[in-house]
Amino acid sequence: MGLTISTIQTRSVHQVSTLTPEASASAESYVRRIYEEVKRRDPQEREFHQAVKEILDSLVPVLARHPHYMEHAILERLVEPERSISFRVPWSDDSGQIRVNRGYRIQFNSAIGPYKGGIRFHPSVYSGIVKFLGFEQIFKNALTGLPIGGGKGGADFDPKGKSDREIMAFAQSFMTELYRHIGPDTDIPAGDIGVGAREIGYMFGQYKRIRGGHEAGVLTGKGLLYGGSLARKEATGYGLVYFVQEMLAAQGLDFHGQSVVVSGSGNVSIYAMEKAQQLGALVVACSDSAGYIYDPKGINVDTVKRLKEQDRLRISEYVKEHPHAVYTEGSTAIWTIPCQIALPCATQNELDEEAARTLVAGGVKAVGEGANMPSTLPAIDYFLEHGILFAPAKAANAGGVAVSGLEMSQNGMRLSWAFEEVDERLRQIMKNIYRSAVRAADEYEVPGNLVAGANIAGFLKVADTMLAQGVV
Ligand SMILES: NC(=O)C1=CN([C@@H]2O[C@H](COP(=O)(O)OP(=O)(O)OC[C@H]3O[C@@H](n4cnc5c(N)ncnc54)[C@H](O)[C@@H]3O)[C@@H](O)[C@H]2O)C=CC1
Ligand SMILES: O=C(O)CCC(=O)C(=O)O
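Residues numbered from 1 in each chain as written. Chains lettered and ligands numbered in written order. Predicted model: local features only at pLDDT ≥ 70, side-chain atom pairs only at ≥ 80, totals over all residues. Heavy atoms only, no water.

Engineer: Give me the domain arrangement of the chain: which residues, what numbers.
Structural biologist: When the domains of the chain are assigned, the result is domain 1 (14–80 + 449–472), domain 2 (83–216) and domain 3 (234–391). A C-alpha centroid distance of 28 Å is found between domain 1 and domain 2. Contact with domain 1, which involves 21 residues of that partner, is made by 18 residues of domain 2. Interface area, domain 1 with domain 2, both sides summed: about 1700 Å², of which 68% is carbon and sulfur. The tally of links between domain 1 and domain 2 comes to two salt bridges. Aspartate 42 is the partner of lysine 131 in a salt bridge, and the nearest nitrogen-oxygen pair spans 3.2 Å. Connecting domain 1 to domain 2 are eight residue pairs in polar contact (both at pLDDT 80 or more). Those elements that place two or more of their residues in the side of domain 1 that touches domain 2 are α2 (46–65) and α17 (450–469). Of the residues assigned to the side of domain 1 that touches domain 2, the class counts are eleven nonpolar, four polar and six charged. (Domains from an automatic or database assignment. Contact = heavy atoms within 4.5 Å. Buried area = accessible area lost by both parts, 1.4 Å probe. Salt bridge = Lys/Arg side-chain N within 4 Å of Asp/Glu carboxyl O. Polar contact = N/O pair within 3.5 Å; in protein donor to acceptor, adjacent residues only side chain to side chain. Helix = DSSP H or I, 4+ residues; strand = E, 2+ residues; numbered from the N terminus. Nonpolar A, V, L, I, M, F, W, Y, C, P; charged D, E, K, R; others polar.)

Engineer: Please give an account of the nonpolar core that cites residues and values.
Structural biologist: Of all hydrophobic cores here, the largest spans 109 residues; its most connected members are Phe135, Leu343 and Phe459. A per-element tally of this core places α2 first, with ten residues. The residues contacting phenylalanine 135, other than those within four sequence positions of it, are Phe48, Ala51, Val52, Ile55, Leu78, Val79 and Phe108. (Core = buried A, V, L, I, M, F, W, Y, C linked by side-chain atoms within 4.5 Å. Buried < 20%, exposed > 50% of the residue type's maximum accessible area, 1.4 Å probe, protein only.)

Engineer: For the site of ligand 1, give the residues involved together with the corresponding values.
Structural biologist: Taken together, 23 residues sit near ligand 1, with Asp192, Arg232, Thr236, Asn267 and Asn372 positioned nearest. Taking asparagine 267, its main chain carries an N or O atom lying 2.9 Å from an oxygen atom of ligand 1. One of the backbone nitrogen or oxygen atoms of serine 289 is found 3.4 Å away from an oxygen atom of ligand 1. Counting residues per element, the ones that place at least two in the shell around ligand 1 are α8 (232–249) and α9 (267–278). (Near = heavy atom within 4 Å.)

Engineer: Report on the side chain of glutamate 47, specifying residues and quantitative values.
Structural biologist: Note on placement: glutamate 47 falls in helix α2. Of the residues examined, glutamate 47 reaches a relative accessible area of 9% and is grouped as buried. In this structure, glutamate 47 is in contact with Tyr126, Gly128, Ile129, Phe132 and Met373, ignoring residues within four places of it in sequence.

Engineer: Got a sec to walk through the site of ligand 2? Specific residues and values, please.
Structural biologist: Residues in contact with ligand 2 amount to 14 residues; listed here are only the nearest, Lys116, Lys140, Lys152, Arg232 and Ser404. Lysine 140 is positioned such that a nitrogen or oxygen atom in its side chain is 2.7 Å from an oxygen atom of ligand 2. A distance of 2.9 Å separates an oxygen atom of ligand 2 from a polar atom in the side chain of arginine 232. Contact with the protein chains covers 94% of the free accessible surface of ligand 2, which is 290 Å². Of the residues contributing to the shell around ligand 2, the split by class is two nonpolar, seven polar and five charged. (Areas by Shrake-Rupley, 256 points an atom, 1.4 Å probe, with all protein chains shown as cover.)

Engineer: I'd like a rundown of the sheet that holds strand β7 (residues 282–287), residues and numbers included.
Structural biologist: Overall, mixed pairing links the seven strands, which are arranged β9-β8-β7-β6-β10-β11-β12 in an open sheet. The open sheet has two edge strands, β9 (326–329) and β12 (389–391), and neither has a second partner. Within this sheet the neighbouring strands show an average axis-to-axis angle of 15 degrees, counted without direction. Examined bridge by bridge, strand β6 (residues 259–262) and β7 share three bridges and lie parallel to one another. Paired with valine 260 across the two strands is valine 283, which belongs to β7. (Pairing = 2+ DSSP bridges. Axes fitted to C-alpha atoms, helices over the stretch in contact; angles between N-to-C directions.)

Engineer: How would you sum up the state of the cysteines? Please name residues and give values.
Structural biologist: Per the counting criterion, the structure on display carries zero disulfides. Summary of cysteine pairing: cysteine 286 is not part of a disulfide, and the nearest cysteine sulfur, belonging to cysteine 345, is at 10 Å. Its relative accessible area of 0% is what places cysteine 286 among the buried residues. (Disulfide = S-S within 2.5 Å.)

Engineer: Break down the sheet that holds strand β3 (residues 115–121) for me, with residues and values.
Structural biologist: Spatially, five strands are ordered β1-β2-β4-β3-β5 in an open sheet, and the strand pairing comes out mixed. A single partner strand is all that each edge strand has here, and the edge strands are β1 (83–92) and β5 (187–190). Averaged over all pairs of adjacent strands, the angle between their axes in this sheet comes to 20 degrees, without regard to strand direction. Relative to β5, β3 runs parallel, the two being bridged by four bridges. Counterpart to tyrosine 115 in the pairing with β5 is aspartate 187. Against the sheet, helix α5 (residues 127–143) engages β2 (98–109), β3 and β4 (149–155), with an angle of about 155 degrees to β4.

Engineer: Please provide a residue-by-residue account of the pattern of salt bridges, values included.
Structural biologist: Between side chains of opposite charge, a pair can form as their charged atoms come close. Within this structure, the stated rule accounts for 31 salt bridges. Note that aspartate 93 and arginine 99 form a salt bridge whose closest N and O atoms lie 2.9 Å from each other. Across the salt bridge formed by lysine 305 and glutamate 274, the nearest N and O atoms sit 2.5 Å from each other. Note that lysine 305 is positioned in helix α10 (residues 301–310) and glutamate 274 in helix α9, a separation of 31 residues in sequence. Pair check on accessibility: lysine 305 and glutamate 274 agree, each one buried. Salt bridges here are not isolated pairs; linked through shared partners, they connect Glu37, Arg40, Arg41 and Glu80.

Engineer: Please set out the pairing of β2 residue by residue, giving values where relevant.
Structural biologist: Where β1 lies against β2, ten bridges are found, and the strand directions are antiparallel. Residue pairing for β2: arginine 83 is matched across the bridge by glutamine 107. Hairpin remark: β1 followed by β2, antiparallel, with five residues in the connecting loop; positive phi at glycine 96, about 90 degrees. With six bridges joining them, β2 and β4 adopt antiparallel strand pairing. Opposite asparagine 109, over in β4, you have glycine 150 as the bridge partner.

Laid out in structure tokens, this is it:
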């Protein structure tokens, strides 16, 4: 079915017809000043600058219409974490050698609830990555409608090639410092890249050992045997597809019969592929950091699950079992495969402007971000300018943290909901997020621009709460 979006959009939404030029100019110069100050303070934190810029560009019409947010220095306060913790993580490897990594927890904003956000173990982790992720989490968590603030953590530890014992030693040492900063009512970490049920299990065990008792609600993404929620594992990927489903439905489209490319082959990617296939899509490609596989018959998700979740092998192994599929070295070339729906689910900045041009030339109709900040700012602009339906990460991948919120509720009530019940709540939350983003985009006269809509809707909730709580 054909698809057109009548107005040309970009991320920057500076022209709002109902505002005076003076109000817009004053808001623009204010956000420019904030952005320059963020860069001056921490010049090396490029990913954080990018995340801040995306939000600030969206907020110009809000600030122009409601200058009291400027008067109360809401943005100055929002871009500064409430607390940044960085710590030493010593551990010994299987040869007995002592190694040292750096751990982080950024407690960014607790206006609407306790800090909530995942932990990433990856060699690229540094303050700029943890801060961008924590900053995104503030607005994403607000969009879920649940009472959770924004935080994020991680370490520059590389889990690749490590034995199970080494992973446990690292996770225990990480928690031996982290435990004093977290708790079911203060800060509730979960997984992210390199941190899944295994790592959460080791961290939970260590927390319990240090603290005594069984505070189930201190971590989410736990195993089902000790307080985990059904459907948390599936939640980010399924939620992404539910969000894109809403976005497609508004244009009279659906997943059925569409060819889909999904980057990554981790937690988000696997369950995005599974749900897209359940809805009748043909998922033809996925990747890992080394390369991608193309399977014209449709990716066998059970094989990917076994290779990645169980055997922890490279995606290149897939072609041994499915010889009609093709493996290609180099992960970013996955975007050269023509598709109708692209779901970047691997990592930040994995989809640049050149990839966006290639996807548009190949006939892409919709892009849904499963990873955090997977598209560069020029790539987002290119999609919006070319009328591509674009589901931004902080709205589209909010299903994971939303079900984490539901896991906290179940832990608090000491009960466990059925898979179908959690899945249905997730579906409803994703619908609500989509509607809030559409409504905010309409209200600020950028209809169809879900980047601006999601940023504005998330911001308003946090900003109004901060106003209500005074200067803290
Ligand atoms: N796990 C969750 O619930 C949520 C995760 N996210 C985001 O989704 C993304 C993926 O996270 P998970 O699936 O949890 O991690 P994961 O560790 O389970 O999987 C990450 C996948 O991405 C691949 N990858 C890493 N770098 C890559 C690269 N440069 N090119 C291609 N593939 C690459 C890895 O090989 C792996 O297959 C991250 O951006 C994360 O922040 C967002 C919301 C929730
Ligand atoms: O489930 C959570 O608390 C964290 C999810 C997360 O890290 C994310 O939304 O990026």
